[in-house]
Structure formats: structure tokens, C-alpha cells
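What follows is the residue order along each chain.
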Amino acid sequence: QVQLVESGGGLVQPGGSLRLSCAASGSIFSINAPGWYRQAPGKQRELVAAVSSTGYTNYADSVKGRFTISTDNAKNTVYLQMNSLKPEDTAVYSCNAVLRRTPETMPVLYWGQGTQVTVSS
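Just so we're clear, the structure is a prediction, and the values are computed from it rather than from any experiment.

A. Quick look at the pairing of strand β5 (residues 46–51). Pairing of strand β4 (residues 30–39) with β5, which is carried by four bridges, proceeds in the antiparallel orientation. Across the sheet, Tyr 37 pairs through a bridge with Leu 47, a residue of β5. Connecting β4 to the next strand, β5, in antiparallel fashion are six residues, including Gly 42 with a positive phi near 80°. One ladder, built from three bridges, connects β5 with strand β6 (residues 57–59); its direction is antiparallel. Following the sheet pairing, Ala 50 is matched in β6 by Asn 58.

Structural data, given as C-alpha cells:
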């Protein structure tokens, strides 16, 4: 069964760093257009960072210069490096990506289950 599994969340002090991972489990041929989103309590889900199918990387203004999205295709894993964390970064972070199981199958958008990030002293 194909799925995306996030890890790396937790409690960190303001100014600290975390690296989130989003690993595609199961047999995967390709992973494309990955993205990270977050949802804080009482707020709508928002885009944090994403890579388009053409390779263009987009970041929310609030995280530019602090967060970096990257992909390790050999490991079918997407990362979100988060530096200089602020209390307002506290949220559940979820990843998504377009996965193709074989060269012949249609690409499908998958979502991970989410991981909690709490920035607090």
C-alpha cells in the first residue's frame, strides 16, 4: 500500500531548528510536485513550501529565508528544514506529493497524516 509518512515533528524552543521528513512507503516509480502545508488551531490550512512539476519552488512569505524544501529521489523522501523557528510556526504540518507506482500508472496525489510542531519556551 502506498502512503506518505511524516516524521520529525516535536517541541522546540524559539530560534531552534527541526527537519521534517515525508517518506513514500510502498513501491514507487516517481515522486513529483511535493509540498508542505500547515494548519494551526482555529486557522485554515496554508501552504508552507512546494515544488511545482516544472521545478519551481514556492514559499509562504512568512517562512522565506528560514525554511527549505528538498527531495531525495533515491529515498523517495521529501524534507522540510525549518530554522529560526518562531511560536507562530506552531501547527500540524502535512506533506503531499504526486506519486506514480509504475511508469504505466496514472499519477495520484497523496497526503500524509501530519506531524505536530510546537515552538515554545
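B. Looking closely at the nonpolar core. By size, the foremost hydrophobic cluster in this structure holds 30 residues, and its most contacted members are Trp 36, Leu 80, Met 82 and Tyr 93. Among the elements of the structure, β3 (18–25), β4, β5, β7 (67–72), β8 (77–82), β9 (91–100) and β11 (115–119) are those that each provide at least two residues to this core. It is β9 that contributes the most residues to this core, five residues altogether.

C. Looking closely at the packing of aromatic side chains. In this structure the tally under the stated criterion is one aromatic pair. Ring geometry for Tyr 37 and Trp 111: centres 5.1 Å apart, planes at 55°, overall tilted. Linking Tyr 37 in strand β4 with Trp 111 in strand β10 (residues 108–111), this pair joins segments that are 74 residues apart in sequence. Trp 111 gets classed as partly exposed once you look at its relative accessible area, which sits at 33%.

D. Inspection of the environment of Cys 22 at higher detail. Along the chain, Cys 22 turns up in strand β3. The exposure class assigned to Cys 22 is buried, which follows from its relative accessible area of 1%. Each C-alpha atom, one on Cys 22 and one on Tyr 79, is 6.2 Å from the other, the two residues being 57 residues apart in sequence. Apart from the residues lying within four places of it in its own chain, the contact partners of Cys 22 are Leu 4, Val 5, Glu 6, Trp 36, Asn 76, Thr 77, Val 78 and Cys 95.

Analysis parameters
Position numbers for residues start from 1 in each chain and track the written sequence from start to end. Residue-level local features of this predicted model are given only where pLDDT is at least 70; pairs of side-chain atoms are given and counted only at 80 or more, and the full residue set underlies all totals for whole chains, interfaces and linings. Working from all heavy atoms in the structure, the side-chain values ignore hydrogens and water. A pair of strands is considered paired only if DSSP assigns at least 2 bridges between the two. What counts as a helix is a DSSP run of H or I of at least four residues, what counts as a strand is a run of E of at least two, and both are numbered from the N terminus. The nonpolar core is taken to be a set of buried Ala, Val, Leu, Ile, Met, Phe, Trp, Tyr and Cys residues, with the residues joined through side-chain atoms within 4.5 Å. The rule is simple: take the accessible area with a 1.4 Å probe, protein chains only, and divide by the maximum for that residue type; under 20% is buried, over 50% is exposed, in between is partly exposed. Only Phe, Tyr and Trp rings are paired, with Trp represented by its six-membered ring, and only when their centres lie within 6.5 Å; those with planes under 30 degrees apart are stacked, over 60 edge-to-face, the remainder tilted. Here, residues are in contact when the closest pair of their heavy atoms is within 4.5 Å.

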